Structure formats: structure tokens, C-alpha cells
Amino acid sequence: MTESNTVMETVDLTRDFGGKVVLEDVSLTVGSGEILALLGPNGVGKSTLMKLISGLLMPSRGEAKLWGESCWPPSVEMYRVACILDGMSPPSGTRVREIMSLKSCVSPRFDWKLATSLCEQHQISTASRWRTLSKGQKRWTLLVAAIASGADLLVLDEPVDGLDVATRLELYGLLREQSNDRGVTSIIASHIIADVERIADDVVILANGRVRLHSPLEQLRDEVFEVELPLETDDSVISPMAEVISSRRASDALIAVIRFRSLHLAEQEFPGEISRRRVSLEDLYLAYTQPQQPQAPAEQQGLANERSL
Amino acid sequence: MQIQWPLFFWIFRPLRLLTLISSSLATAYVLLHDKPLEFFLDMNAVVFVISHSFLISLLLGQVRSESFAFLYSQGFSRDLLWRHVWLATLASVLATWVPCAVLILTPLRSHFQDWMLNPWFPLMAPTESRFLTRSLLFYGMLLPLFHYEWIRSSMPFRGRVSGHLLVIAYFVCGLFLTERLWSFSVDLARTSMFLGFIAISAILGLFGYWLHKRLEIGA
């Protein structure tokens, strides 16, 4: 990714609330046209990261930048960013038309035709008041306002919350279209991992406020497998060729989710011995975020080093 | 200054009911009050201006609410938002006082009171224009103070109550000095006191603007 291609960059971004560190040393880069999925358990700092990127929160340490300009205090032309963030919604008496008008007065590229047609497709009248809309319609209205705004960066926290499957797929189609046609970058936080797998280019997994994984999804598909290794496999043999993400001992084998550094080396080391299968993003997510099960003392000895690989 | 009308109406929305009530009350008071209007000697008017200013800034200072957070997440610059907060403030004050000004200056009030056989009118009517200028001056002193108070209380760092304490100190000092200086009738001292309070308000107005630029949303 060239520097001019970089839309968002964070360097050692840290944020605490009253001494409790929510996000720690997060360094990420997102390029133009990418769709980045932010994954992680509740309370891990996804929403905080999004607010920091959107210039709504001040970092305790480090920096977030959009197009090379610091997000705090907000100095970039923020109309280039459209956000849907948790805990932020219009007053109940607001009409859909007013939400669109508000967005159009900050975004010179606002596409009224697109906004109206996307609302009508979902039986949302622009004269409807916010309180009369269903949860899914509210979410769709905000998404329409964000997409029609012509923003170059979409920051979407749980964008599909309340949406049915068909609407979710329609949204993903729209995001992909925006990415391909206009180079719009999207940063999406979601708990629906199967959906993320469908749309994301890059995946970030946060755990305990830190980035545990940042990788292109395609690369993960090629490199991450669940493998069955001989029970007596020593970690010093594995480490040059793979990162062990999680592992457990079965009766006759060591079963591990690993990310190969060199598949070629692995096949040389275990000719015909490795039984491997692809893992879904969901399995990978669990491997990164779930605490390891407590092991029996004998097992712990064999696995102690694997965690540090 | 470019006015973004959708933004203005959005910000003004919480002030609509307050403005309707304040405008009705002020108009009725100005029309029906049967003594000559003298701003600082008329405690009803003073309390009205204090309450109106306080409520305006309270309603516009709810930056921790979901709807304000939504507005701040829409990509407007902080300067633009701050300007429109003040524009909405001004609109509420003008909507309250322009009808009063019309009554006093046309002079409908004078005719009405004369028609009601009030002996003060129309003799005292020409002096009442000062009521308008003084009340607006009082708004000018109070609004920066109250806006500062609510922005300050929304800041995430320690000492957020200091805004409230400052307002209390401002009023205690104001009442004490007014009571002392009025009784001695020292013109120079009165003028100095006024200028002092105006200077404090102006400084707090600037601090309010500065804090607003650093206001955290959704913290």
C-alpha cells in the first residue's frame, strides 16, 4: 500500500477511561477501497476505536490519522467520513427527510435520488418520523444516509443490527459496489462473522484492547488450517514453519489451529503426516479470542511453549 | 457566515417549546405590566432573563444525549456547530424579545396602558426603550457563562463541577457587589463592575468555544 493510498492509519493508539485501558497500542493501516472488518468480543474496544477514528474521542496516547491528517482535534474535512455509531440516534420526532437534509448539508456529493430510491425500496417514506420506524428500518435509514452521502470512508458499528438476511446481502452488495466504483473504504465492526467472511478484504481481531490479528482474508484462507500432528511433536519443530494460534491434545494427536509461515517447509518436515483442514473465520475468531481451556499438568508441560510461539 | 438551515433547525428543535413559552410570557408581561419598565429594578424581568438564559444553555448543552451525539457524528466541523448553537440561542432570544420591542417601540404598550387609564402613560413611555437594551445586555452577560457551564460539565476530565461552582460564584459576587454599589450610588464603581462582569463573560465565552473544540462525544 502506497502512502498516498492510505486512508486511515493508527499508530500506537491507546485510550483509557478513568484509568481503565480499553484500547492499547493499536497500529493499523487501511487503504483506499478496502473493506476492513473489526472483530472482537463485547467490550474489547471496537466502538472506541471507531469513535477515535471519527474524531469524537481524544486518544490517551498515539494517533489516528485520516488521509494523513490527525483525527484529534478533528482537522480533516469530516464530511468525507460517514459514521454509524452505537448510542447515537436522531430525536424520535425527526423525519427521515430531515436526516437526509442534515447529511446533504454537510456532504456536497449527497445523492438524493439514490437516497430516496433506497428508502422507497424498503417502504420507508421520507415523511416518516423516526419513532414510527422499525429497528431494521432505522438502521437502513442511517445506512442509506451514509452511503448516499458520497463519503470516502464509511465507519459502521454493527451496521446490520436489526436487518433481515436479504437486506444484509443488499447492503454488502452496495458496499462492494461503492468500493469497486468509487474506491470507498469501509470499516465495519460486526459480530456476524459469516457475513464478514462474505464481504471483508481485511480482518482485524481485537482481544483485550490489542490487535491480535490483522491480515487480508484471502491470505488467511491460504495459510490457516486446523492440523493434526503427531502427539510427540515438539514446538521447536513447529515454530519455524507456523504460528500456533490454539491447540488441544486428543488421545492420539495434537490438534492445533496454526498459521503456516511456510507450507513447503511443513510438508518437508512431516511428509504425508499432516492432516489439515481449512478453518472458517468463525473458528479462527474463537481460536484468537477464547481463553484456552485449563489443561492437565502433563498436557500443560507439552503446550507451555506453544502459546508463546 | 454561511447558515446551514437544516443544521440550524436541528439544533433549534429542543428550544421550540421553551421559545414559545418565553415569548408568550414576555409579550404578556410587557403588554400588561402597569408600572414603567425599568430592567434592573424589576426583579421579575431579571429572574425571567436568568431563567431563559439558563434553560437555553441547558437544552443546548445536552451533548451526552444520543441525539446530540448523532449530530456531532455527522461530519460537521466544530466551528460550524458552535456557530449554529449560538445562532439558535440568538433566535430564541430574539423570538422572545422582538414582539416585546414592537410593543414598546410602536408604542402599542403605551396606547394600551393609556387606554387602561394608567396615569404613567404615555408620559413614561419614551424611557422604556432602555428596558430592551438592558435586558439584551444582561443576556449577553449570562449566555456565555451558562454555555461555558454546560460545555465544561460535559468534559471528561476532572473538575467538571467547576463550571457550576463558577456560575454560583459569579452570582454571589454579582448580588453582593450590586447591593453594595447600588446603595452608595457610585457611578464609576457601577460602570466598572459592569465592565468587569462583561469581561468575565467574554473570557468564558472564548473558553467555552475552546472547550467545545475539544469536546468528546460518546465517551
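The structure displayed is predicted, hence computed values, not measured ones.

### As for the overall build of chain A
Part 1 of the argument: Looking only at helices and strands, chain A features eleven helices and 14 strands.
Part 2 of the argument: When burial is assessed residue by residue, chain A has 52% of its 309 residues classed as buried.
Part 3 of the argument: When contacts within chain A are restricted to residue pairs at least 6 apart in sequence, long-range pairs at least 24 apart make up 68% of them.

### Describing the sheet that holds strand β10 (residues 210-216) of chain A
Residues and elements named next belong to chain A.
Part 1 of the argument: Taken in spatial order, the six strands line up as β6-β7-β8-β3-β9-β10 in an open sheet, and their pairing is mixed. Two strands lie at the open edges of the sheet, namely β6 (81-84) and β10, each paired on one side alone. Averaged over all pairs of adjacent strands, the angle between strand axes in this sheet comes to 15°, irrespective of strand direction.
Part 2 of the argument: Across five bridges, the pairing between strand β7 (residues 153-157) and strand β8 (residues 185-189) is parallel. Each residue of the ladder has a partner; that of Leu153, found in β8, is Thr185.
Part 3 of the argument: Strand contacts of helix α10 (residues 281-289): β3 (35-39), β9 (202-207) and β10, with the helix running at about 30° to β9, the strand carrying the most contacts.

### Quick word on the side chain of Glu149(B)
Residue and element names in this part refer to chain B.
Part 1 of the argument: Here Glu149 lies in helix α7 (residues 129-153).
Part 2 of the argument: Arg152 provides the closest opposite charge to the buried, unpaired Glu149, separated from it by 11 Å.
Part 3 of the argument: Excluding its chain neighbours within four sequence positions, the residues that come into contact with Glu149 are Phe54, Gly163, His164 and Val167.

### A few points about the pairing of β3(A)
All names here are of chain A.
Part 1 of the argument: Counting buried positions along β3 gives five out of five residues, so the element sits mostly inside the fold.
Part 2 of the argument: Burial of the side chains of β3 extends over both faces: Ile35, Ala37 and Leu39 are buried on one face and Leu36 and Leu38 on the other.
Part 3 of the argument: Pairing between β3 and β8: four bridges, direction parallel. Its bridge partner being in β8, Leu36 is matched across the sheet by Ile187.
Part 4 of the argument: Pairing geometry for β3 and β9, over four bridges, is parallel. By the bridge assignment for β9, Leu36 is matched with Asp202.

### Concerning the sheet that holds strand β2 (residues 20-31) of chain A
All names here are of chain A.
Part 1 of the argument: Ordered in space as β2-β1-β4-β5, the four strands form an open sheet in which the pairing is antiparallel. Edge positions in the open sheet fall to β2 and β5 (69-70), since each of these has one partner strand only.
Part 2 of the argument: With eight bridges joining them, strand β1 (residues 6-17) and β2 adopt antiparallel strand pairing. If you follow Phe17 over to β2, its bridge partner there is Lys20.

### Remarks on unusual backbone geometry
Residues and elements named next belong to chain A.
Part 1 of the argument: Note the cis peptide between Trp72 and Pro73, where omega equals -10°.
Part 2 of the argument: Among the structural elements, Pro73 can be located in the loop between β5 and β6.
Part 3 of the argument: Phi angles above zero are rare outside glycine, and Asp12 is one such case at about 50°.
Part 4 of the argument: Classification of Asp12 as partly exposed rests on a relative accessible area of 37%.
Part 5 of the argument: Located in the positive-phi region is Trp67, a residue other than glycine, with phi close to 45°.
Part 6 of the argument: Topologically, Trp67 is positioned in the loop between β4 (61-66) and β5.

### Description of a nonpolar patch on the surface
Residue and element names in this part refer to chain B.
Part 1 of the argument: Taken together, the side chains of Leu90, Leu94, Val98, Val102 and Leu108 define a hydrophobic patch exposed on the protein surface, amounting to about 410 Å² of accessible area.
Part 2 of the argument: With four residues, helix α5 (residues 78-105) is the single largest residue contributor to the nonpolar patch.
Part 3 of the argument: Among the secondary structure elements, Val98 is positioned in helix α5.

### Structural notes on the packing of helix α3 (residues 43-60) of chain B against α7(B)
All names here are of chain B.
Part 1 of the argument: Interhelical geometry of α3 versus α7 gives an angle of 35° and a closest axis separation of 9 Å. Between α3 and α7 lies a crossing of right-handed hand. Between α3, through Ala45, Val46, Phe48, Val49, Ile50, His52, Ser53, Phe54, Ile56, Ser57, Leu58 and Leu60, and α7, the contact on the second element is made entirely by Phe131, Ser135, Phe138, Tyr139, Leu142, Leu143, Phe146, His147, Glu149 and Trp150.

### Comments concerning the interface of chain B and chain A
Part 1 of the argument: Listed as interface residues are 23 residues of chain B and, on the opposing side, 29 residues of chain A.
Part 2 of the argument: Both faces combined, the contact of chain B with chain A buries some 2200 Å², and carbon together with sulfur accounts for 64% of it.
Part 3 of the argument: Among the residues chain B hides against chain A, the three largest losses belong to Trp10(B), Arg13(B) and Phe70(B). Together they make up 25% of the total.
Part 4 of the argument: Taken together, the connections running from chain B to chain A amount to two salt bridges.
Part 5 of the argument: A salt bridge links Glu216(B) to Arg15(A), with the nearest nitrogen and oxygen atoms 2.5 Å apart.
Part 6 of the argument: For the interface between chain B and chain A, the tally reads seven residue pairs in polar contact (both at pLDDT 80 or more).
Part 7 of the argument: Every element with two or more residues in the side of chain B that touches chain A is listed here: α1 (5-12) and α4 (66-72) of chain B.
Part 8 of the argument: In terms of residue count, the dominant contributor to the side of chain B that touches chain A is α4(B) (six residues).
Part 9 of the argument: Here the side of chain B that touches chain A is composed, by residue class, of eleven nonpolar, six polar and six charged.

### Examining the pattern of salt bridges
All names here are of chain A.
Part 1 of the argument: With the rule as written, the count across this model stands at 18 salt bridges over all chains.
Part 2 of the argument: Of the charged contacts in the structure, one is a salt bridge between Glu223 and Arg259, with a shortest N-O distance of 3.0 Å. Highlighted residues: Glu223 in helix α7 (residues 217-223) and Arg259 in strand β13 (residues 253-260), separated in sequence by 36 residues.
Part 3 of the argument: The exposure class of Arg259 is buried, given its relative accessible area of 14%.
Part 4 of the argument: A cluster of three or more residues bridged by salt bridges with shared partners is formed by Glu24, Asp25, Arg61 and Arg210.

### Quick word on the packing of aromatic side chains
Part 1 of the argument: Throughout the structure, instances matching the rule amount to 19 aromatic pairs over all chains.
Part 2 of the argument: A network of ring pairs unites the aromatic residues Phe39(B), Phe48(B), Trp97(B), Phe131(B), Phe138(B) and Tyr139(B) as a single cluster.
Part 3 of the argument: The ring centre of Trp67(A) lies 3.9 Å from the NZ or CZ of Arg80(A), which sits over that ring.

### Some thoughts on the side chain of Ser186(A)
Part 1 of the argument: In this fold, Ser186(A) is placed in strand β8.
Part 2 of the argument: On the basis of relative accessibility, which here comes to 0%, the residue Ser186(A) falls in the buried class.

### Quick notes on the environment of Ser246(A)
All names here are of chain A.
Part 1 of the argument: Counting through the fold element by element, Ser246 comes out in strand β12 (residues 242-249).
Part 2 of the argument: Assessed through its relative accessible area of 17%, Ser246 is described here as buried.
Part 3 of the argument: Along the primary structure Ser246 and Ala287 are separated by 41 residues, whereas in three dimensions their C-alpha atoms are 5.6 Å apart.

The rules behind each value
Residues numbered from 1 in each chain as written. Chains lettered and ligands numbered in written order. Predicted model: local features only at pLDDT ≥ 70, side-chain atom pairs only at ≥ 80, totals over all residues. Heavy atoms only, no water. Helix = DSSP H or I, 4+ residues; strand = E, 2+ residues; numbered from the N terminus. Buried < 20%, exposed > 50% of the residue type's maximum accessible area, 1.4 Å probe, protein only. Contact = heavy atoms within 4.5 Å. Pairing = 2+ DSSP bridges. Axes fitted to C-alpha atoms, helices over the stretch in contact; angles between N-to-C directions. Lys, Arg positive; Asp, Glu negative; His and termini not counted. Salt bridge = Lys/Arg side-chain N within 4 Å of Asp/Glu carboxyl O. Patch = residues over 30% accessible without salt bridge, like charges linked within 9 Å, V, L, I, M, F, W, Y side chains within 5 Å. Areas by Shrake-Rupley, 256 points an atom, 1.4 Å probe, with all protein chains shown as cover. Left-handed = near helix turned anticlockwise from the far one by under 90°. Buried area = accessible area lost by both parts, 1.4 Å probe. Polar contact = N/O pair within 3.5 Å; in protein donor to acceptor, adjacent residues only side chain to side chain. Nonpolar A, V, L, I, M, F, W, Y, C, P; charged D, E, K, R; others polar. Phe/Tyr/Trp six-rings, centres within 6.5 Å; stacked < 30°, edge-to-face > 60°. Lys NZ or Arg CZ within 6 Å of the ring centre and 35° of its normal.

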